[in-house]
Structures are given as C-alpha cells and as structure tokens.
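Observations on chain architecture
Take a look at the letters that make up each chain.
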Amino acid sequence: MSGTTTVAEVRARKGSAPPLVMVTAYDAPSARIASEAGVDLILVGDSVAMVVLGYADTLQVGVGEIAHHVGAVARARPEAVVVADLPWLSFHLSREDTVRNGATLIRAGAQAVKLEGGRKRIPMVTALLDAEIPVMGHLGLTPQSVHAMGGFKVQGRTDAAAAALLDDAIALSEAGVFALVLEGIPAPLAAQVTEAVPVPTIGIGAGPDCDGQVLVWHDLLGLEERLRPRFVRRYASLREVAVDALVAYGADVRERRFPSAAESYGAGAGPTTGS
Ligand code: KIV
C-alpha cells in the first residue's frame, strides 16, 4: 500500500477547511514531487492516454496500462491517497469483471478506484464496495462518454440536465462513494451538489465551491500547451524550461563544451561510476 493518508480521512474532510488538493500523476518522480508538495490525493487518471501516451481521447487505455502507472506512483510511497481510474470498459460488462479490474488496480498499489457515470453504475459501485474497494464517483463532463456526449462539452446546462446530475450525485453518495469528482459543469450546479451530498466534491472546471479541486499534472505545470481549457491555471511553464535546457545541451555538445574534464573519467584504476 502507498499513502499514509487514508480514504476515511479524505471522506471526513467534507465541508471543512482547507479544501482538498488532488492532482494527477503517472510515474514515480511525479508522485514524489506531489507528495513533497503535500497534496492530499494523487489520481492516476486515464488522462494518461492523452497527456502521456499521445492519444486523442481516454478510451484507448485498459486496466493493464493504468495498473502499470499505478505501480510506478505507488513505488514512490507518496503520503497522498492514491486513486486509480477504472478505464473505459473495465466496469461496464459485469459486476465480477468490475471487481476483478478494481482488484488489479488495488494490487498495483491504489487505495481506491474512480469510475465515471451516474445511477446506472450503482450496481458496479456496490460490487466494488462489497469487495472492500473504496470508490470515488465522477459526474458531469465524463471523458469516457466523449462520443455519447458529442465532444468534450460542459454538462448540466439545462434545468433537466442539472436536476438529473443532482439526482445522480445523491444516488452515488447513498451507494457509498467516499468522494465525487465534478467535471465541466456550471459553478452554481457544483455548489448545489456540494451542498446536497455528504461526501467531498472535487471539482475540475466546476467553480470554486467544491470541497476540493483537481488538475491534470501536465496542464498545471505547463507541460501540455496545445490545449488550454478555461478552467486550467498554469503554475509553471515547464515545457519552456525543458526546451531551453535541451537547446543549451545541444549547443554544448555541438561546440564540444560538454563533457568537460571534470565530467569525464581518467585512465587507470578508480571507480567505474560516480565521482
Ligand atoms: O483522468 C483524469 O485525469 C481525470 C481527472 C480530469 C479528474 O479523471
């Protein structure tokens, strides 16, 4: 198991200050950085498909890929709770299949799984909880439904859609999810859901009134600059820093300024690595 923070502690933070901080991470160095920065939850999201693996949507990764990244994150032993995304089609076929896939992610090092969707997913949520696997829900702009939604579009904008989302949130919390991601919905609706459910809501593109916020690693740090959704705030420009560093490295190699004598080994006996 990785984190020292527990799912129960996250659940107990409902309504209390300060808000929960969640960030995605997909490998050990990122998990170490997130842990050092004191985040509460690390999400090994299926966004890995888009921001790391270069796909156009999240539908392209399966449980094996997510488990691979969960293992890397967990081996960094972050203090944060590690939540793993159940990818598309890993919780749609049967309760048994869902539990088996959830267990794969727990054995890889996650403390909880997240799944997208409302009331129709409750049998799967219950099956996971029956197998002692904590579940985080995810409503609103659920990227695994990109084709059904007709694109990555803000959800819950009509009265009917907002009411359905509120009902879904209440149903999921009654089923036993310990927290709920609200993605891409109007801020007043997120505030209403947050008021209505007894578990923490964690927003992304859902305004300031959720019990916590989540951002994708590459967006937050400015590693992914091709798209800039309105809800993203960039806290660094690491892509620029990396390009500048590689340009400097390239120039040093081409001008024979790298490596220096101090960065080279002499002849004869001596250490084969290190200084
Ligand atoms: O996969 C992911 O990164 C997510 C967040 C956007 C919540 O589900």
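Structure: above.
Now for a look at the structure at hand. (Residues numbered from 1 in each chain as written. Predicted model: local features only at pLDDT ≥ 70, side-chain atom pairs only at ≥ 80, totals over all residues. Heavy atoms only, no water.)

Some thoughts on the overall build of the chain
Counted only if it meets this: Going along the chain from the N terminus, every DSSP run of H or I of four or more residues is numbered as a helix, and every run of E of two or more is numbered as a strand. Note on contacts: a residue pair is in contact if any heavy atoms of the two residues lie within 4.5 Å. Accessible surface area values rest on a Shrake-Rupley calculation with a 1.4 Å probe, where residue burial reflects the displayed protein chains alone.
Tallying secondary structure elements over the chain gives 11 helices and eight strands in all. Dimensions along the principal axes, computed over C-alpha positions, put the chain at roughly 75 × 35 × 35 Å. Put simply, 59% of the contacts in the chain that link residues at least 6 apart link residues at least 24 apart. For the chain, the accessible surface area stands at approximately 14,000 Å², while carbon and sulfur atoms represent 55% of it.

Brief notes about the pattern of salt bridges
In plain terms, the rule: Counted as salt bridges are all cases of a side-chain nitrogen of Lys or Arg within 4 Å of a carboxyl oxygen of Asp or Glu. Three exposure classes are used, based on accessible area relative to the maximum for each residue type with a 1.4 Å probe and protein chains only: buried under 20%, partly exposed in between, and exposed over 50%.
As enumerated under the stated definition, the model contains seven salt bridges in all. Residues Arg 100 and Glu 96 are paired through a salt bridge, measuring 2.6 Å at the closest nitrogen-oxygen approach. Taken as a pair, Arg 100 and Glu 96 lie in helix 5 (residues 95–108) at a separation of four residues, close to a single helical turn. Each member of the pair, Arg 100 together with Glu 96, is exposed.

Points about unusual backbone geometry
The omega torsion across Ala 17 and Pro 18 is -5°, close enough to zero to call that bond cis. Within the secondary structure, Pro 18 sits in the loop between helix 1 (7–11) and strand 1 (20–24). Omega for the peptide link from Phe 258 to Pro 259 comes to 0°, which places this bond in the cis form. Mapped onto the elements, Pro 259 comes out in the segment after helix 11 (238–254). Here the phi dihedral of Arg 77 falls at roughly 50°; this positive angle occurs in a residue that is not glycine. Along the polypeptide, Arg 77 turns up in the loop between helix 4 (63–75) and strand 3 (81–85). Overall, the relative accessible area of 62% leaves Arg 77 in the exposed class. A positive phi angle is found at Arg 256, which is not glycine, with a value near 55°. By the secondary structure assignment, Arg 256 is in the segment after helix 11.

Notes on the pairing of strand 4 (residues 112–116)
Definition in use: Criterion used throughout: strands pair if DSSP finds at least two bridges between them.
Buried residues dominate strand 4, accounting for five of its five residues. Of the two faces of strand 4, the one carrying Ala 112, Lys 114 and Glu 116 and the one carrying Val 113 and Leu 115 are both buried. Relative to strand 4, strand 3 runs parallel, the two sharing three bridges. Counted as the bridge partner of Asp 85 is Lys 114 from strand 4.

Things to note about helix 11
Note the following rule: Under the convention used throughout, the expected extent of a helix is 1.5 Å for every residue step, that is, one less than its residue count.
Given a rise of 1.5 Å per residue, 17 residues ought to cover 24 Å, and the 24 Å separating the end C-alpha atoms of helix 11 matches this to within 8%. Directly after helix 11, the chain includes Arg 256, whose backbone phi takes a positive value near 55°.

Considering the nonpolar core
Cut-off, in case you're wondering: Here, nonpolar core refers to any group of buried Ala, Val, Leu, Ile, Met, Phe, Trp, Tyr and Cys residues whose side-chain atoms link them within 4.5 Å.
The biggest cluster of nonpolar side chains holds 56 residues, and the ones touching the most others in it are Ile 42, Ile 66, Leu 105, Leu 182 and Val 193. Here this core gets six residues from one element, more than from any other, and that element is helix 8 (residues 159–175). Every residue in contact with Leu 105, bar those within four places of it in the chain, is listed here: Val 63, Ile 66, Ala 67, Val 70, Ala 84, Asp 85, Leu 86, Ala 110 and Val 113. By size, the runner-up hydrophobic cluster in this structure holds 16 residues, among which are Leu 43, Val 81, Ala 112 and Met 136.

Here we look at the environment of Met 50
Looking at where Met 50 falls in the secondary structure, it is placed in helix 3 (residues 48–51). In this structure, Met 50 is in contact with Tyr 55, Ala 56, Asp 57, Thr 58 and Phe 152, ignoring residues within four places of it in sequence.

A look at the site of the ligand
To keep it simple, the criterion reads: To be near a molecule or strand, a residue needs just one of its heavy atoms within 4 Å of it. Throughout this description, a polar contact denotes any pair of N or O atoms lying within 3.5 Å of each other; where both atoms belong to protein, one of them has to be capable of donating a hydrogen while the other can accept it, and for residues adjacent in sequence the pair is counted only when both atoms sit in side chains. In the scheme used here, Gly and all other residues not listed as nonpolar or charged are polar, with Ala, Val, Leu, Ile, Met, Phe, Trp, Tyr, Cys and Pro taken as nonpolar and Asp, Glu, Lys and Arg as charged.
The environment of the ligand is made up of Thr 24, Leu 43, Gly 45, Asp 46, Ser 47, Asp 85, Lys 114, His 138, Val 181, Glu 183, Ile 204 and Val 216. Contact between the ligand and Ser 47: an oxygen atom at 2.5 Å from a side-chain N or O atom of the residue. Note that an oxygen atom of the ligand is positioned 2.9 Å from one of the side-chain N or O atoms of Lys 114. For the shell around the ligand, the residue count by class is four nonpolar, four polar and four charged.

Thoughts on helix 8
A turn of α-helix holds 3.6 residues, and therefore any two residues three or four places apart point the same way. Across its 17 residues, helix 8 extends 24 Å between first and last C-alpha, which sits within 8% of the 24 Å expected from 1.5 Å per residue. Residues of helix 8 that are buried in the fold lie against helix 6 (122–130), strand 5 (135–140), strand 6 (179–183) and helix 9 (187–196).

A word on a nonpolar patch on the surface
Just so we agree on the cut-off: Two joining distances apply to patches: 9 Å for like charges and 5 Å for nonpolar side chains (Val, Leu, Ile, Met, Phe, Trp, Tyr), and every residue must have over 30% relative accessible area and no salt bridge.
Taken together, the side chains of Leu 246, Tyr 249, Val 253 and Phe 258 define a hydrophobic patch exposed on the protein surface, amounting to about 390 Å² of accessible area. Tracing the chain through its elements places Phe 258 in the segment after helix 11.

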